[in-house]
Amino acid sequence: LRVIYIDSGNAQDNVGNPLSVSLPPNNNINELRDVVVDGTPPTVLKITSSVPDGRYGAGQVLPIVATLSEPVRPGSTLVLNLNSGSQIRLTTATGGSELTGNYTISTGDVAVDRLDVVPGSLDGSTVRDTAGNQMLATDIALTTGSLGQQRVIALDFSSPALIAITAIPTTGYY
């Protein structure tokens, strides 16, 4: 918060009227007591998916949701790197504290036993809270709220293979 002191005898508008430094009627400084200065950027509290735990392959789409510490501006975009080698873009059209997106598994992705976010990267992200504070890369360093802690989503690109054919000896007629 910055206070500017102005001597009303020296400040004028563009036609020469002196500046009035008095408060308008019915306004006083006590009415400003609820003003809050927000200097804290939003942080990611949790990243999860609505799909059940399991194994997923190329072409499947996984909805991903990031829950933030506070509402952000409409149109905010969060770009996250995944341990599969892909990125996902999460957005909010109306503001609020959740950003959503879909991750389509690609054949070029790395197979992983537990899909998770790689902390510390916000390339292309434009997440700002309603006060204008920009999210920082350090604001996604998750532990208990990470995707890998919320869900067990494995990426599996191996094709089923026939391992053996066994004949069962039979006796009698069928």
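These remarks concern the structure in this document. (Residues numbered from 1 in each chain as written. Predicted model: local features only at pLDDT ≥ 70, side-chain atom pairs only at ≥ 80, totals over all residues. Heavy atoms only, no water.)

### Some remarks on the overall build of the protein chain
Right, on to step 1. What the protein chain contains, in helices and strands, is one helix and eight strands.
Right, on to step 2. Along the protein chain, from the amino end to the carboxyl end, the secondary structure elements read β-β-β-β-β-β-β-α-β.
Right, on to step 3. With 174 residues in all, the protein chain has 32% of them scored as buried. (Helix = DSSP H or I, 4+ residues; strand = E, 2+ residues; numbered from the N terminus. Buried < 20%, exposed > 50% of the residue type's maximum accessible area, 1.4 Å probe, protein only.)

### A few points about the pattern of salt bridges
Right, on to step 1. Going through the model one piece at a time under the given rule, you end up with two salt bridges.
Right, on to step 2. The closest approach of N and O atoms between Arg-151 and Asp-53, which form a salt bridge, is 3.9 Å. Of this pair, Arg-151 sits in the loop between helix H1 (147-150) and strand S8 (153-155) while Asp-53 sits in the loop between strand S1 (44-49) and strand S2 (54-56), placing them 98 residues apart in sequence.
Right, on to step 3. The salt bridge involving Asp-156 is made with Arg-55; its shortest N-O contact spans 3.1 Å. On the criterion of sequence distance, the pair formed by Asp-156 in the segment after S8 and Arg-55 in strand S2 is long-range, its members being 101 residues apart.
Right, on to step 4. Overall, the relative accessible area of 25% leaves Asp-156 in the partly exposed class.
Right, on to step 5. By relative accessible area, which is 54% here, Arg-55 ends up exposed. (Salt bridge = Lys/Arg side-chain N within 4 Å of Asp/Glu carboxyl O.)

### Quick look at the nonpolar core
Right, on to step 1. Counting 25 residues, the largest nonpolar core has Ile-47, Leu-62, Ile-64, Leu-78, Leu-90, Tyr-103 and Leu-115 as its most contacted members.
Right, on to step 2. Of the residues forming this core, the biggest block, five residues, is contributed by strand S3 (residues 61-72). (Core = buried A, V, L, I, M, F, W, Y, C linked by side-chain atoms within 4.5 Å.)

### Section: the side chain of Ser-49
Right, on to step 1. In this structure, Ser-49 sits in strand S1.
Right, on to step 2. Given the relative accessible area of 4%, Ser-49 is considered buried.
Right, on to step 3. Engagement of the side chain of Ser-49 in a polar contact is seen with the backbone oxygen of Pro-63, the distance being 2.5 Å.
Right, on to step 4. Those residues within four positions of Ser-49 in sequence are excluded, and the remaining contacts are Leu-62, Pro-63, Ile-64, Leu-147, Arg-151 and Ile-153. (Polar contact = N/O pair within 3.5 Å; in protein donor to acceptor, adjacent residues only side chain to side chain. Contact = heavy atoms within 4.5 Å.)

### Here's the deal with the pairing of strand S5 (residues 87-91)
Regular strands place their side chains on alternate faces of the sheet.
Right, on to step 1. Residues Ile-88 and Leu-90 line the buried face of S5, whereas the alternating positions Gln-87, Arg-89 and Thr-91 sit on a face that is not buried.
Right, on to step 2. Examined bridge by bridge, strand S4 (residues 77-82) and S5 share five bridges and lie antiparallel to one another. Of the residues in S5, the one forming a bridge with Leu-78 is Leu-90.
Right, on to step 3. The hairpin formed by S4 and S5 contains four residues between the paired strands, and Gly-85 there has a positive phi angle of roughly 95 degrees. (Pairing = 2+ DSSP bridges.)

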